[in-house]
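Spelled out from the first residue to the last, the chains are:
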Amino acid sequence: MSNCKYIFVTGGVTSSLGKGIISASLAKLLQTRGHRVTIQKLDPYINVDPGTLNPYEHGECYVTEDGAETDLDLGHYERFLNTFTSQANNVTTGRIYQTVINNERKGKYLGKTVQVVPHITDEIKNNIRKLGETGDYDIVITELGGTVGDIESLPFVEAVRQLVWELPTADSLVIHLTLVPYLRAAGELKTKPTQHSVKTLLEYGVQPDILVCRTEHKLSNELRKKIALFCNVKQNAVIESIDVDTIYDVPLVMQKEKLDIVTLKKLKLSTKEQPKLEKWKEFLLRLKHPKNEVNIALVGKYVELPDAYKSITEAFIHAGAENECKVHLEFVHSELIGDGEDAAKYLSDYDGVLVAPGFGSRGIEGKLETIKYVRENNIPFFGICLGMQCAVIEYARNVLKLKNASSSEVNPKSKYKVIDLMEAQKKIVNFGGTMRLGSYDCKLEKKSIAYKAYGKTNITERHRHRYEFNDAYKKYFEDNGMNITGVNPSTGLAEVVEVTNHPYFVGVQYHPELKSTVENPHPLFVSFVKAALNNNR
C-alpha cells in the first residue's frame, strides 16, 4: 500500500445535501495547500455507468478525457480542482457486480461461494485503492452516493468500514454530511436527525471523525457541543455548512470553519502551508460584482430538470465572470416552438441563444425553428452536439433548399441525410459505452470565430455522439456560406461549423462545457457571452 491518505464522505438524513460540493471544496483547500488530491464517486445504482440513463433520472452524463460516462459530480470535481478525472473516479454497483460475476465465470475464485462479503466488498476496496496506488496522489477523497441506511449502499459502507480497519489510524478518516433542520413553528434548530443518522452509521461499524452539518441558520456553540457529545466527535469537528449564494463560496466557508485544518491534523499532515486561494477569490469578486448583464436562452428538451445541463450552466457562470458580466440563463423547452411566430414570441428578448445537446427526435423541429429565427435575425448562436447537427439540418432545408433534409437518427428515410451514422456505428447493437466518447483532436481554420476564441490551431475536446456531419455535402455547404472551420485531422470528420454572413453563428460537434473550470473558463463560452454582450449594446 502506498503512503496515500483516504477520506470517505458519507451522507445522512436526506439526499441532495451536497456531498459532491463538500468533497470538491475540501479537495480544493487541500490542493491549494500543496497536496495532490483527487476525488472518486461510488454510485449505488446497478447501471454499469450513467451512459444509458435518461437525463431526468440523474441529470447530465459527464464524459471524462478517457471517454468514461460518469456521474455529474465528476464535473464539480474537475471544475473545482482544474484537473482531469477518469474512469477510475466513478464506480457503480453495476460495474462492481459485473467484474465479480465475470471473475466467477473465469474461475478466479477457485470454486468458492461468491458472496457480498468478501467478494463484492473486496472489489469495492480494490477500486478505492486503485487511485491511491498510482503514486499520483497524496490524498484520495471517496464520496459515497446515496444516503446512509439505503439498502443499495450497504456494501459500500461495509467496504469503508473494512478499509478504515485495515489502514493505519492516521491514513483514513470519515466525514459524515448531515442536516440540521430549522423548525419554524418551534423557532429552533433540531439535532435529532443528525444523531439518528450517526447512530445508523455506527450500527454499520463506522464512526465518523468529522460532521459537516447543512443548515439554514448558524449553529451556536451550545448546539455544536450537543452534536459532538451525542455523536462522539470533538467539538471542533462539528462543521457548519450554512446555505450560500453560490457553490463557489463553499471552499471559503469550509476554510473559515477550518475543515481543512481539522482534516489535516487527523491525518497527521502539516498545516503550516496556507491555502493559496487568490485566483478563486478573484473569480468570486468578478462573479459577484458584474459590470454588465446579458440574457441568454438555452433551448432544449430536458429543461424541466436543470441538472440535465449542469456543465453548460456552470460554463456560463465561468464565462460570465471572465467577461465581468452577469449571465441570466433561461431554459426554453424546444417543444414550445412550433413555428417562426413561436420562435419570435419566446426568443426575441434574448441577447444570445444556445441550442443544447440531446438524443432522439423529440423537440427537434422546435430546435430547427429556433436556429432559423436566430440566423435570420442575426442573434448570436451557439450549438452543441445535436445543436450543431440541427444547425446543419436547418441550413440544408432553408438555405440549400434540400427539402426535408434531416439526420438519419431523426428520419432514416430522408433523401438528404446531411447528418448520418458513422460507418463504425452501423453494426452496433449494445448502446452502453459504444458512442464516439472522450477526447479527440481538432484542427481549426485560422480565420474562424473558433480560432479567434481559442487562440490556437490545434485543440482537443470531448465527444459523446453517434452521428456526424455527412462529408458528401461539405462542398455544397461551403459554397453557400456555411463553412467547416474545424476538422478531426485523422478522420476529416467535421467538428465546427460557422455561417459567414452572421455576427456569431458557431456549432460544435463536441462538448466544450465539459472542460470549463473556474481557473480556465472555456474560450467558446467566453467568446459567445462576449458576442451576446455586444448584441445587447
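In the block above lies the structure referred to throughout.
In this text, all values refer to a predicted model and were calculated from it rather than measured experimentally. (Residues numbered from 1 in each chain as written. Predicted model: local features only at pLDDT ≥ 70, side-chain atom pairs only at ≥ 80, totals over all residues. Heavy atoms only, no water.)

**Student:** Sorry if this is basic, but what is going on with the pattern of salt bridges here?
**Tutor:** Between side chains of opposite charge, a pair can form as their charged atoms come close. Overall, the coordinates contain 35 salt bridges when judged by the stated rule. The salt bridge partner of Asp-71 is Lys-41, with a shortest N-O separation of 3.0 Å. Here Asp-71 is found in the loop between strand E4 (69–70) and helix H3 (73–81), whereas its partner Lys-41 is found in strand E2 (residues 37–43), with 30 residues between them in sequence. Note that Lys-41 is salt-bridged to Asp-73, the shortest N-O span being 3.0 Å. (Salt bridge = Lys/Arg side-chain N within 4 Å of Asp/Glu carboxyl O. Helix = DSSP H or I, 4+ residues; strand = E, 2+ residues; numbered from the N terminus.)

**Student:** Got a minute to help me understand helix H12 (residues 310–322) in this structure?
**Tutor:** The periodicity of an α-helix, 3.6 residues per turn, causes residues three or four positions apart to be oriented the same way. Spanning 13 residues, H12 covers 19 Å between terminal C-alpha atoms, matching the ideal 18 Å at 1.5 Å per step. Buried residues dominate H12, accounting for 10 of its 13 residues. Burial in H12 covers these residues: Lys-310, Ser-311, Ile-312, Glu-314, Ala-315, Phe-316, His-318, Ala-319, Gly-320 and Ala-321. Glu-324 lies just past H12 and shows a positive phi near 50°. (Expected span 1.5 Å × (residues − 1). Buried < 20%, exposed > 50% of the residue type's maximum accessible area, 1.4 Å probe, protein only.)

**Student:** I would appreciate a short explanation of the side chain of Asp-71 in the present structure.
**Tutor:** Relative accessible area serves as the criterion here: at 6%, Asp-71 is assigned to the buried category. Among the polar contacts listed, one links the side chain of Asp-71 to the side chain of Lys-41, at a separation of 3.0 Å. Every residue in contact with Asp-71, bar those within four places of it in the chain, is listed here: Lys-41, Asp-43, Tyr-45, Pro-50, Tyr-62 and Asn-90. (Polar contact = N/O pair within 3.5 Å; in protein donor to acceptor, adjacent residues only side chain to side chain. Contact = heavy atoms within 4.5 Å.)

**Student:** I'm lost on the nonpolar core in this one. Help?
**Tutor:** One recurring pattern in soluble globular proteins is that nonpolar side chains are buried together. By size, the foremost hydrophobic cluster in this structure holds 55 residues, and its most contacted members are Ile-7, Leu-30, Ile-141, Ile-175, Ile-210, Val-212 and Leu-259. Counting residues per element, this core draws most heavily on helix H1 (residues 19–31), at seven residues. By size, the runner-up hydrophobic cluster in this structure holds 39 residues, among which are Ile-337, Ala-343, Phe-381 and Ala-494. (Core = buried A, V, L, I, M, F, W, Y, C linked by side-chain atoms within 4.5 Å.)

**Student:** Quick question: what am I supposed to make of unusual backbone geometry here?
**Tutor:** Trans is the prevailing form of peptide bonds, just as negative phi is the prevailing case for residues other than glycine. In this structure, Pro-118 follows Val-117 across a cis peptide bond, with omega equal to 15°. Tracing the chain through its elements places Pro-118 in helix H5 (residues 116–132). Phi is positive for Leu-110, which is not a glycine, with a value near 55°. Look at Leu-110 and you get exposed, because its relative accessible area is 77%. Residues other than glycine seldom take positive phi values, yet Lys-258 does so here, at roughly 65°. Mapped onto the fold, Lys-258 is located in the loop between helix H9 (250–256) and helix H10 (259–266). What makes Lys-258 partly exposed here is its relative accessible area of 48%.

**Student:** Looking at this model, I keep getting lost on helix H7 (residues 192–203). Mind explaining?
**Tutor:** Under the 1.5 Å per step criterion, the end-to-end length of H7 is 16 Å for 12 residues, consistent within 8% with the ideal 16 Å. Among all positions of H7, only Thr-194, Gln-195, Ser-197, Val-198 and Leu-201 are buried. One face of H7 carries all of its buried residues, which in axial projection span an arc of 165°. Turning to H7, the residues buried within the fold contact strand E1 (5–11), helix H6 (154–166), strand E7 (172–179), strand E10 (210–215) and helix H8 (221–231). Gly-205 lies just past H7 and shows a positive phi near 90°. (Arc of directions from axis to C-beta.)

**Student:** Quick question: what am I supposed to make of the pairing of strand E21 (residues 482–487) here?
**Tutor:** Two faces make up the sheet, and in a regular strand the side chains alternate between them. In terms of strand pairing, strand E18 (residues 436–444) meets E21 through two bridges, oriented antiparallel. Residue pairing across strands places Lys-443 opposite Val-487, the latter belonging to E21. In this antiparallel pair of consecutive strands, E21 and strand E22 (residues 494–499), the connection spans six residues, and Gly-492 shows a positive phi of 80°. (Pairing = 2+ DSSP bridges.)

**Student:** Would you mind showing me how to read the sheet that holds strand E23 (residues 505–508) here?
**Tutor:** One open sheet holds the nine strands; their spatial order is E13-E12-E14-E15-E23-E22-E21-E18-E19, and the pairing between them is mixed. This sheet does not close on itself; its edge strands, each paired only once, are strand E13 (325–333) and strand E19 (458–465). The average angle at which neighbouring strand axes cross in this sheet is 30°, direction not considered. Across five bridges, E21 lies against E22 in antiparallel orientation. Residue Met-482 lies in a different strand from E22, and its bridge partner there is Val-499. Taken strand by strand, helix H18 (residues 523–536) contacts strand E12 (292–300), E13, strand E14 (352–355), strand E15 (381–384) and E23, and its axis lies near 115° from that of E12. (Axes fitted to C-alpha atoms, helices over the stretch in contact; angles between N-to-C directions.)

**Student:** Teacher, can you tell me more about the sheet that holds strand E11 (residues 238–242) here?
**Tutor:** Within a sheet, neighbouring strands are paired by backbone hydrogen bonds and run either parallel or antiparallel to one another. Here we have seven strands laid out as an open sheet, ordered E5-E2-E6-E1-E7-E10-E11, and parallel in their pairing. This sheet does not close on itself; its edge strands, each paired only once, are strand E5 (90–92) and E11. Averaged over all pairs of adjacent strands, the angle between their axes in this sheet comes to 20°, without regard to strand direction. Here E1 pairs with strand E6 (residues 139–144) via five bridges, running parallel. Within E6, the residue paired with Lys-5 across the bridge is Ile-139. Strands in contact with H1 are E1, E2, E6, E7, E10 and E11; relative to E6, the strand with the most contacts, it is inclined by about 170°. Packed onto the sheet, H8 meets E10 and E11 and runs at close to 130° relative to E11.

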